[in-house]
There are 4 protein chains.
Amino acid sequence: MAPRTREQFQKMREKSQGKILKSALELFSQKGFHQTSIDAIAKYAEISKGLIYNYFDSKEEILLDIVTDGFKLIKELENFVPTSLTPKQKFDTLLTVTFNSIKENSEFWKMFFHLLSQPDVITKLSSEVDKMYSSLFKMLELHLSELGVEDVENQAKLLGAMIDGVAIHYYLNQEHYPIDLMKDKVIQLYCGEEK
Amino acid sequence: MAPRTREQFQKMREKSQGKILKSALELFSQKGFHQTSIDAIAKYAEISKGLIYNYFDSKEEILLDIVTDGFKLIKELENFVPTSLTPKQKFDTLLTVTFNSIKENSEFWKMFFHLLSQPDVITKLSSEVDKMYSSLFKMLELHLSELGVEDVENQAKLLGAMIDGVAIHYYLNQEHYPIDLMKDKVIQLYCGEEK
Amino acid sequence: MAPRTREQFQKMREKSQGKILKSALELFSQKGFHQTSIDAIAKYAEISKGLIYNYFDSKEEILLDIVTDGFKLIKELENFVPTSLTPKQKFDTLLTVTFNSIKENSEFWKMFFHLLSQPDVITKLSSEVDKMYSSLFKMLELHLSELGVEDVENQAKLLGAMIDGVAIHYYLNQEHYPIDLMKDKVIQLYCGEEK
Amino acid sequence: MAPRTREQFQKMREKSQGKILKSALELFSQKGFHQTSIDAIAKYAEISKGLIYNYFDSKEEILLDIVTDGFKLIKELENFVPTSLTPKQKFDTLLTVTFNSIKENSEFWKMFFHLLSQPDVITKLSSEVDKMYSSLFKMLELHLSELGVEDVENQAKLLGAMIDGVAIHYYLNQEHYPIDLMKDKVIQLYCGEEK
DNA sequence: TATGAATGAGGGTTCATTCAT
DNA sequence: CATGAATGAACCCTCATTCAT
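Remember, it's a predicted structure, so these values are computed and weren't measured experimentally. (Residues numbered from 1 in each chain as written. Chains lettered and ligands numbered in written order. Predicted model: local features only at pLDDT ≥ 70, side-chain atom pairs only at ≥ 80, totals over all residues. Heavy atoms only, no water.)

Draft legend 1. Spatial organisation of the packing of aromatic side chains. What the rule picks out here adds up to 45 aromatic pairs over all chains. Relative to A:Tyr171, the ring of A:Tyr170 lies with its centre 5.3 Å away and its plane at 50°, an arrangement referred to as tilted. Here A:Tyr170 matches A:Tyr171 in class, with each residue buried. Centre to centre, the rings of D:Phe108 and D:Phe112 are 6.1 Å apart; their planes meet at 20°, and the pair counts as stacked. Remark: D:Phe112 and D:Phe108 occur in helix 6 (residues 106-116); sequence separation between them is four residues, near one turn of the helix. Here the two residues D:Phe108 and D:Phe112 agree in accessibility, since each one is buried. Here the aromatic cluster, defined as three or more aromatic residues joined through ring pairs, consists of C:Phe71, C:Phe108, C:Trp109, C:Phe112, C:Phe113, C:Tyr133, C:Phe137, C:Tyr170 and C:Tyr171. Stacked on the ring of C:Phe33, the Lys or Arg C:Lys59 has its end atom at 4.7 Å from the ring centre. (Phe/Tyr/Trp six-rings, centres within 6.5 Å; stacked < 30°, edge-to-face > 60°. Buried < 20%, exposed > 50% of the residue type's maximum accessible area, 1.4 Å probe, protein only. Helix = DSSP H or I, 4+ residues; strand = E, 2+ residues; numbered from the N terminus. Lys NZ or Arg CZ within 6 Å of the ring centre and 35° of its normal.)

Right, here's the structure in full:
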């Protein structure tokens, strides 16, 4: 019989690779990178263990793929803030977009915070993490500066800490944590009394 | 580990159990709990592997001991805030004490934040974590309330997030992070302009 | 593989089966049978992994084919010794032909010697190896007998050992080993002083 | 109870390590290095798989140990040739000692010849193999030179090839191969007619 | 109290082989 | 005739834990 076409193969590949990445992210975020076995990923993705190695050279490679993808997603967050708005509106939108991502991409972020405290795992990533963080801080500085805040650099650092702190507390008690209220408080802090 | 006098501490580290706890904490904070082997702890403590099992039933037991001790330490933090001061002074002292602990007990806190995102390890601890956090928040609420802050409950949540966020960022870049400046900014935020 | 005309050979290597055999031989001789994966053979032959199983039932089957082909080649060696020559000339020619084969079919011979010491791989072949070796020894005996050598049977054994020994040493240091000189020394040993 | 003494531990270690090396050599020589699994070695040595890694860092390390030991043994062969004898007697003794080693250390030599044709396994050893071979050739040259042989260098090469060739043929048919007769023939070749 | 040899389950990874197309 | 995705057994190695002394 005729072999599968290139497109058929491509589709199969994408399907399997997607299942692997999805399963890995889910398990990594739940149990941590080292506590998740390749076997567990395979079972979760309902494929064989061996197949994973058709798509990834190693377990670490899966993680790198996930994180790289996640970073792209983060970088695009700012694009959702229209430049036509007032500074306050922009700041509000930025925080809304950010907190939405925290809520919607909870698996990625949980995994990410977990990795942050396991430096050995992400040696290869640490320079990228640094770059990402400094670009995020630059962005925060810009917004704060537009709002007329003083000592922008350190205020951006504090704001960043607030966001990460809220995110972590949210993941500790996802069901009951008033994350939207927290967002409002943050906005209040920097934009004045009313929301 | 729980606060002890210098002599007690000295004695403890000389004894096997103390050496085990100290070594384990150091390694857990550096490499993570699962990435630290019993063998590594034994080597670091300069004792035999078997001896560890004379003092602890399992590797997890060591962790539980460390965390339990650490929690005692946290609970004592507030005792360092003299009740005779003004609200502002008390708040200032509280933050100073807290940030000092972040700097001085970095091994414990690093390990702690790492565990926070690895729920499976601390299933047995999660109720204690909850208790500790809610008691901390209560404390923060009290201080904020004395300062005349409104919506104390949520402001305490935000303040807690700030502190944890700063701590995490500090551990990401321990050498260059302006943690004392951050403390000042936080105080400023809640106590008005001047430090 | 068995001697073929240049055209036959050309055609064969263009066909899949030929490409497989050629690639497998190259890799087997370089890395050993077990260290060569089917995947590596397929990549080297620039075909798909699955196609190999259209032509061969198993990896071992490929090896058997190669060895069987090689044995045919060995058996034909004697045909290159004209019967019209004097015993000395015939002996000289035989050794020349033999050492030429060692030089020209180095891939096959390397692989062959490797297999000789891996009895489990060639269990299925061992009877054929025995047959081949005893026929070779018979041939050597005949030549030695014509040269007037005494105790022909054992001298043939020694001569055979010499040839295999030289071959092995040659493959150990293919670039610098004076294999032609060795051939002359062997001839000298059995044919008298001059070459 | 009191812990075991240092000597008791030492004895245990030596016993286990010896069992591992002995088993590994036996299996490596029978089935080849890559075809012998750590599990098989453990079962053969009647110990657990894990124990092997108390004594050796890796499977390759076991091989290195065996080969290093074997090389020491080879280097000592010449010490068994008394310097007080006549050249012929010395040559005779040298070959006797050599062929005895071939017979008595058959496992090591079988494994060794197998490795010789699997260069990738012994990359780390190849320089040592070279050194050993060139020292052996030097030794053969010396003996031949004392016997008055001409073109000593190449004759030593041929003699070395003979010995290795005989060894290999011996291992192909250990039960029926007339190895002692071969030794006599070799001696005859270089020492004249009578033994 | 203290040692470290010994165990064995489980982890990441490889690879001959199968199979739908 | 040809493809390469998919499988699963087997591999090397790690490590928490046990145990005799």
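Draft legend 2. A look at the domain arrangement of chain A. All names here are of chain A. By the assigned domains, chain A splits into domain 1 (1-56) and domain 2 (59-191). Taking only C-alpha atoms into account, the centre of domain 1 sits 29 Å from that of domain 2. Across the contact, 16 residues belong to domain 1 and 17 residues belong to domain 2. For the pairing of domain 1 and domain 2, the buried interface totals around 1,400 Å² over both sides, and the portion due to carbon and sulfur atoms is 73%. In this structure, the connection of domain 1 to domain 2 is made through two residue pairs in polar contact (both at pLDDT 80 or more). For the side of domain 1 that touches domain 2, the secondary structure elements donating two or more residues are helix 1 (6-31) and helix 2 (38-45). Take the side of domain 1 that touches domain 2: its biggest share by element is eight residues, from helix 1. (Domains from an automatic or database assignment. Contact = heavy atoms within 4.5 Å. Buried area = accessible area lost by both parts, 1.4 Å probe. Polar contact = N/O pair within 3.5 Å; in protein donor to acceptor, adjacent residues only side chain to side chain.)

Draft legend 3. Geometry of the relation of the copies chain C and chain D. Its rotation angle being 179°, the transformation that places chain C on chain D also includes 0.1 Å of axial translation and leaves an RMSD of 0.2 Å. Each copy turns onto its partner about a two-fold axis. When the interface residues of chain C are mapped onto chain D, 100% of them are again interface residues, pointing to one common binding face. (Least-squares fit on C-alpha atoms with pLDDT ≥ 70 in both.)

Draft legend 4. View of the relation of the copies chain B and chain A. Superposing chain B onto chain A takes a rotation of 179° plus a shift of 0.1 Å along the axis, which leaves an RMSD of 0.2 Å. Looking at the interface residues of chain B, 100% of them are also at the interface in chain A, so both copies use one shared face.

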